[in-house]
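Observations on the model geometry
Here is how the chains run, residue by residue.
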Amino acid sequence: MNISKDLRMTVYSSLFAALIAAGAYIAIPIGPVPIVLQNMFVFMAPILLGTRWGLASLGLYLFMGACGLPVFAGGAGGIGRLFGPTGGYLIGYIPAVLITGFIAQKIEQKIFGNVIAMLAGSIIIYATGVPWLKFVTAMSWEKAFLAGMYPFIIGDIIKIAAAHYCIKFLRPILNRSDFFKDEKNSNWITDSDSNKLG
């Protein structure tokens, strides 16, 4: 185990946890589930850092929120948020990171491989968030979809497009680090261009 490399990835993971938290503060309240930027950083983490460290970023973020730090949407915090109307979306980030990272690694050489990975992650989040919203608020399915999915689709598409270009910009910067040069076979480095380094 290379301690310096693990330390660097720990720093990167902590940075993404902070970005996820910051994204939660940029919220547009349109109902029980506000539009926020945090899911954009949730998707970027496993693509840029790999599934393992992307999951670490998310775990740190959820842990901070559960401990009461105001890192959830609207500056909220506390474990009760995980059981409230938005709890399904927060918990849904976990499988979304796993799926996004897995797909991005498998089809990274495709032109829009990362976009496909993030779209799949979005579907996972809605698949957990909407049923939970219905259960907690006793809404009908129609109202749950109207409150918890339909208003966010266009925003999600815009955020995925923005994340795609942010990833294209950030990858070369990360790959210039000596850290990546000896990690060609790592299962959490998903950029095929890194194989050309070193």
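Below: a short report on this structure. (Residues numbered from 1 in each chain as written. Predicted model: local features only at pLDDT ≥ 70, side-chain atom pairs only at ≥ 80, totals over all residues. Heavy atoms only, no water.)

Let's talk about the overall build of the chain
Along the chain, the regular secondary structure elements total seven helices and two strands. When the helices and strands of the chain are read in sequence order from the N terminus, they spell out α-β-β-α-α-α-α-α-α. Buried positions account for 48% of the 198 residues belonging to the chain. When contacts within the chain are restricted to residue pairs at least 6 apart in sequence, those whose partners lie at least 24 apart make up 64%. (Helix = DSSP H or I, 4+ residues; strand = E, 2+ residues; numbered from the N terminus. Buried < 20%, exposed > 50% of the residue type's maximum accessible area, 1.4 Å probe, protein only. Contact = heavy atoms within 4.5 Å.)

Re a nonpolar patch on the surface
Together, L55, I91, I94 and L98 line one region of the surface with nonpolar side chains, adding up to about 280 Å² of accessible area. When residues in the nonpolar patch are grouped by element, the largest group, three residues, is from helix α4 (residues 87-106). With respect to the helices and strands, L98 occurs in helix α4. Residue classification places L98 among the partly exposed residues on the basis of a relative accessible area of 37%. (Patch = residues over 30% accessible without salt bridge, like charges linked within 9 Å, V, L, I, M, F, W, Y side chains within 5 Å. Areas by Shrake-Rupley, 256 points an atom, 1.4 Å probe, with all protein chains shown as cover. Salt bridge = Lys/Arg side-chain N within 4 Å of Asp/Glu carboxyl O.)

Comments concerning the nonpolar core
Ranked by internal contacts, the top residues of the largest apolar core, which has 47 residues, are M44, L58, Y61, F72, L90 and M118. Mapped onto this core, the elements with two or more residues apiece are α1 (3-25), α2 (38-49), α3 (51-66), α4, α5 (113-137), α6 (141-148) and α7 (153-175). Ranked by the residues each element gives to this core, the list is headed by α2, at nine residues. Leave out the neighbours within four places in its chain, and M44 touches F16, A163, C166, I167 and L170. (Core = buried A, V, L, I, M, F, W, Y, C linked by side-chain atoms within 4.5 Å.)

Some words on the pattern of salt bridges
Under the defined criterion, the tally for this structure stands at one salt bridge. Across the pair D156 and K159 runs a salt bridge, and its minimum N-O distance is 3.4 Å. Placement of both D156 and K159 in helix α7 is noted, with a separation of three residues, approximately one turn of the helix. Considered together, D156 and K159 belong to a single accessibility category, that of buried residues.

Topic: the packing of aromatic side chains
Under the criterion given, the structure shown has four aromatic pairs. When the ring of W132 is compared with that of F135, the centres are 5.5 Å apart and the planes differ by 35 degrees; the resulting orientation is tilted. Here the residue W132 and the residue F135 both occupy positions in helix α5, the gap between them amounting to three residues, near one helical turn. Looking at W132, the relative accessible area reads 27%, which means it is partly exposed. A relative accessible area of 64% places F135 in the exposed class. Between the aromatic rings of W141 and F145, the centroid separation amounts to 6.1 Å while the plane-to-plane angle is 35 degrees, which identifies the pairing as tilted. With a gap of four residues between them, W141 and F145 both fall in helix α6, about one helical turn apart. In this structure W141 comes out as partly exposed when scored by relative accessible area, which is 45%. Residue classification places F145 among the partly exposed residues on the basis of a relative accessible area of 27%. Members of the aromatic cluster, each reached through a chain of ring pairs, are W141, F145 and Y150. (Phe/Tyr/Trp six-rings, centres within 6.5 Å; stacked < 30°, edge-to-face > 60°.)

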